[in-house]
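Overview (structure and organization)
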Amino acid sequence: MSNPRDILGPQRFSQSHAAPKLIPPNASVTKRYFIRVVTGVTSLLTGMRVTIGKFFDPRTTVTQQYPENRDELKMAERFRGRVVMPHDADGEHNCTGCTLCEKACPNGSISVLNTKHASGRKILGKYIYRLDSCTLCNLCIEACPFGAIEMGTEFELATTRKEGLVEILNKKAGRL
Amino acid sequence: MSEPAVPSALEPASATETVAAPTSAIADWIRDLCGDQEWLAWVVITLIGLGALAALASVSAMVLVWMERKVSAHMQLRLGPMRTGWHGALQPMADGLKLLFKEGLLPRTTDLFSYLLAPFIPMATALLALAVIPFSETWQLADPELGIIYVAALSGMSVFAILIGSWGSNNKYSLLGGMRAAAQALSYEISLLLVLMTAVLMSGETAMQAIVQSQEGYFWNWWLIRAPGVGFIAFIAFIISATAELNRAPFDFAESESELTGGFHTEYAGMAFAMFFLAEYVHLLVAACLGAVLFLGGYLPPVPALAFIPGPVWLLVKAFGLVFLFMWFRWTFPRLRIDQLLNLEWKFLMPVALLNLLAAGALRGWGWL
Ligand code: SF4
Ligand code: SF4
């Protein structure tokens, strides 16, 4: 279930919904009537074939029995959990500290605090993310030109300490 | 009562013996017990029969509610109720309890008499119709000579519940739903009756028991198959008009959740709503049983070798098959517009049913049935 659209089976979907044969413009009333009846019945049967297929195919079910299958829970790729900053094996991230995400955020949930590299160039110092005011709207991710941040799949975000909701996402300062 | 609309080629219905007394082991035993007190035996047998029907109706309504939830869920890639009992099997109980504990609201502007009367009608008509369904040669509460006319009359009754309830609610959404239901029932009643007449013509009988008996033998003696083409078309027409009579999607205009906020039952809450809700499912069972009786050989097994399985099981298997078909329709087809609904009836279904009736008459007349 990498792509949520796969659930619907895009191939089969488009085949079974081939463009309906249009009624010829000069058809007589009787002919129109019968064409309508035939196309109507075929489209109904097509629909019934789709639903019965889904009914008897347990693999198509998307509902998950959440608390029970917590360990093998499958998250959809487009799920919007909290904002995360992926780090590679060396602990490096892609953020350049351009602050586009900070400007894109409608809630001011992101603060990009930059610092100076030894060479005098500006690099990312602290990337502060405030989950408490974030609406998980995805605008910051769309704004980032470097793909440095993404929406995580973590959703069990409840906490008893509100300090836990403010976090520094980068593990290291930026590189040049 | 006026002359029954039975073609003269058939034996005229006898007017005297309208209701056959139930003859089963239990009934005989009770008659023995009561001795010459025949009225007592009659009262006891009737009460037991009614109790059994009420039990069957409530149990099957629960099963059907569960089935509807599961079928809809699996067709929509969901799982449906999973927590209450095995695969949510106790969900109908939970639903019922919830409705039971809800306050029975009584809006101030209602017309009290009709508002309170309406919820009882659909359940009553459903139970009355269930009384003539033959579950086996002996398991039938009553077998009136004109059983099929009786069922048709009852199916016409159920629209009154919607009309009275919607009028009594004094709510514009309810009234719109009720008016739509009236237009719909008025139209589809015609094709339903034409289909019932086709079945009468094919079998030459009007009593339910006799219609089932006329399909004795192998499954190709069922009217669905035996009358070439005619039976099949009649069956399809029956399914369509029964769906409309039942006010089920794609013909659920009386409710129209999306535009009428529930239609005729907008103002009903608690048990009053539950009565409508459960009666809907009893009606579903009645319609499925009727379809099984008319076209699928009722309680008869498909091959005589399978006769060791009792008749009620066969009837329920067939009926639940048809119920599944109704549910399959409901969760596949989008709702029509009201003009499309009436077009479908007057421009397609009624002509087809009428021609089919003529064809059945021709087959009968030439002695091909
Ligand atoms: S997801 Fe939306 S609210 Fe949350 S940090 Fe990004 S832009 Fe701000
Ligand atoms: S996360 Fe992307 S948009 Fe935000 S500061 Fe870093 S590079 Fe710029």
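As the structure is a prediction and not an experimental result, all values here were calculated from the model.

In this section: the overall build of chain B. Scanning chain B from terminus to terminus reveals 14 helices and zero strands. Along chain B, from the amino end to the carboxyl end, the secondary structure elements read α-α-α-α-α-α-α-α-α-α-α-α-α-α. Its C-alpha radius of gyration of 21 Å places chain B within 12% of the 21 Å reference for a compact globule of 369 residues. Reported as C-alpha extents along the three principal axes, the dimensions of chain B are approximately 55 × 55 × 45 Å. Relative to its 369 residues, chain B shows a buried fraction of 51%. By element, 71% of the accessible surface of chain B is carried by carbon and sulfur atoms, the whole surface being about 17,200 Å².

This next bit is on the nonpolar core. Counting residues in each nonpolar core, the largest one holds 84 residues, and the members touching the most others are Ile133, Phe238, Ile239, Leu294, Phe295, Leu315 and Phe324 of chain B. Per element, the largest residue contribution to this core is 14 residues, and it comes from helix α12 (residues 270-295) of chain B. Here phenylalanine 238 of chain B is in contact with Leu192, Val195, Ala287, Leu290, Gly291 and Phe295 of chain B, once residues within four sequence places are set aside. Among the nonpolar cores identified, the runner-up in size contains 19 residues, and Cys101, Val112, Tyr129 and Ile149 of chain A belong to it.

Every one of the 14 residues lining ligand 1 counts as a neighbour, but Cys105, Asn107, Cys134, Cys137 and Cys140 of chain A are closest to it. Among the residues making up the shell around ligand 1, the classes are represented as ten nonpolar, four polar and no charged.

Residues and elements named next belong to chain B. Structurally, the position occupied by threonine 84 is in the loop between α2 (38-75) and α3 (91-101). Its relative accessible area of 24% is what places threonine 84 among the partly exposed residues. C-alpha of threonine 84 to C-alpha of alanine 94: the two residues are ten residues apart in sequence and 7.9 Å apart in space. At a separation of 2.8 Å, a polar atom in the side chain of threonine 84 contacts the side chain of glutamine 91.

Ligand 2 sits among 14 residues. The nearest are Cys95, Cys98, Thr99, Cys101 and Cys144 of chain A. Broken down by class, the residue content of the shell around ligand 2 amounts to eleven nonpolar, three polar and no charged.

On to the interface of chain A and chain B. Listed as interface residues are 18 residues of chain A and, on the opposing side, 16 residues of chain B. Both sides together, the interface formed by chain A and chain B hides about 1,600 Å², and carbon and sulfur atoms give 70% of it. A salt bridge links glutamate 68 of chain A to arginine 83 of chain B; the shortest N-O distance between them is 2.8 Å. Between chain A and chain B we count seven residue pairs in polar contact (both at pLDDT 80 or more) in total.

Let us look at the side chain of threonine 99 of chain A. Residues and elements named next belong to chain A. Positionally, threonine 99 belongs in the loop between β1 (83-84) and α3 (100-104). The exposure class of threonine 99 is buried, given its relative accessible area of 17%. Dropping the residues within four chain positions of it, threonine 99 is found in contact with Val112 and Asn114.

Moving on, we get to the sheet that holds strand β5 (residues 166-168) of chain A. All names here are of chain A. If you trace the three strands from one edge of the open sheet to the other, you get β2-β3-β5, paired in antiparallel fashion. Taken across any chain shown, the strands that pair with only one partner, and hence form the sheet edges, are β2 (110-116) and β5. The sheet shows a mean angle of 25 degrees between the axes of neighbouring strands, direction not considered.

The next subject is the domain arrangement of chain A. Its domain assignment divides chain A into domain 1 (17-62) and domain 2 (83-168). Placing a centre on the C-alpha atoms of domain 1 of chain A and another on those of domain 2 of chain A gives a separation of 49 Å.

What follows concerns the packing of aromatic side chains. Overall, the coordinates contain 13 aromatic pairs over all chains when judged by the stated rule. For the ring pair phenylalanine 273 of chain B and phenylalanine 277 of chain B, a centre distance of 5.8 Å and an interplane angle of 20 degrees mean the geometry is stacked. Here the residue phenylalanine 273 of chain B and the residue phenylalanine 277 of chain B both occupy positions in helix α12, the gap between them amounting to four residues, near one helical turn. Residue classification places phenylalanine 273 of chain B among the partly exposed residues on the basis of a relative accessible area of 22%. Here the aromatic residues Phe55 and Phe56 of chain A together with Phe324 and Trp328 of chain B are joined through ring pairs into a cluster of three or more. We note lysine 172 of chain B situated over the ring of tyrosine 173 of chain B; from NZ or CZ to the ring centre the distance is 5.5 Å.

So, about unusual backbone geometry. Among all residues save glycine, negative phi is the norm, and among peptide bonds the norm is trans. The phi dihedral of asparagine 138 of chain A is positive, around 80 degrees, even though this residue is not glycine. Its identity as a non-glycine residue notwithstanding, asparagine 170 of chain B has a phi of 60 degrees, on the positive side. Within the secondary structure, asparagine 170 of chain B sits in the loop between α6 (147-169) and α7 (172-203). Given the relative accessible area of 52%, asparagine 170 of chain B is considered exposed.

Next up on the list: the environment of lysine 122 of chain A. All names here are of chain A. Position of lysine 122 relative to the elements: it lies in strand β3 (residues 122-130). Here lysine 122 falls in the exposed class, since its relative accessible area comes to 59%. Between the C-alpha atoms of lysine 122 and aspartate 71, which are 51 residues apart in sequence, the distance is 42 Å.

Moving on to the packing of α2 of chain B against helix α13 (residues 311-330) of chain B. Residue and element names in this part refer to chain B. Running from amino to carboxyl end, α2 crosses α13 at an angle of 45 degrees, the nearest separation of the two axes being 10 Å. Classified by the interaxial angle, the pair formed by α2 and α13 is oblique. α2 and α13 meet at a crossing whose hand is right-handed. Together, Val63, Leu64, Met67, Glu68, Val71 and Met75 of α2 and Phe320, Val323, Phe324, Met327, Trp328 and Arg330 of α13 make up the contact between the two elements.

The rules behind these values
Residues numbered from 1 in each chain as written. Chains lettered and ligands numbered in written order. Predicted model: local features only at pLDDT ≥ 70, side-chain atom pairs only at ≥ 80, totals over all residues. Heavy atoms only, no water. Helix = DSSP H or I, 4+ residues; strand = E, 2+ residues; numbered from the N terminus. Rg over C-alpha atoms; globule rule 2.2 N^0.38 Å. Buried < 20%, exposed > 50% of the residue type's maximum accessible area, 1.4 Å probe, protein only. Areas by Shrake-Rupley, 256 points an atom, 1.4 Å probe, with all protein chains shown as cover. Core = buried A, V, L, I, M, F, W, Y, C linked by side-chain atoms within 4.5 Å. Contact = heavy atoms within 4.5 Å. Near = heavy atom within 4 Å. Nonpolar A, V, L, I, M, F, W, Y, C, P; charged D, E, K, R; others polar. Polar contact = N/O pair within 3.5 Å; in protein donor to acceptor, adjacent residues only side chain to side chain. Buried area = accessible area lost by both parts, 1.4 Å probe. Salt bridge = Lys/Arg side-chain N within 4 Å of Asp/Glu carboxyl O. Pairing = 2+ DSSP bridges. Axes fitted to C-alpha atoms, helices over the stretch in contact; angles between N-to-C directions. Domains from an automatic or database assignment. Phe/Tyr/Trp six-rings, centres within 6.5 Å; stacked < 30°, edge-to-face > 60°. Lys NZ or Arg CZ within 6 Å of the ring centre and 35° of its normal. Parallel < 35°, antiparallel > 145°, perpendicular 65-115°, else oblique. Left-handed = near helix turned anticlockwise from the far one by under 90°.

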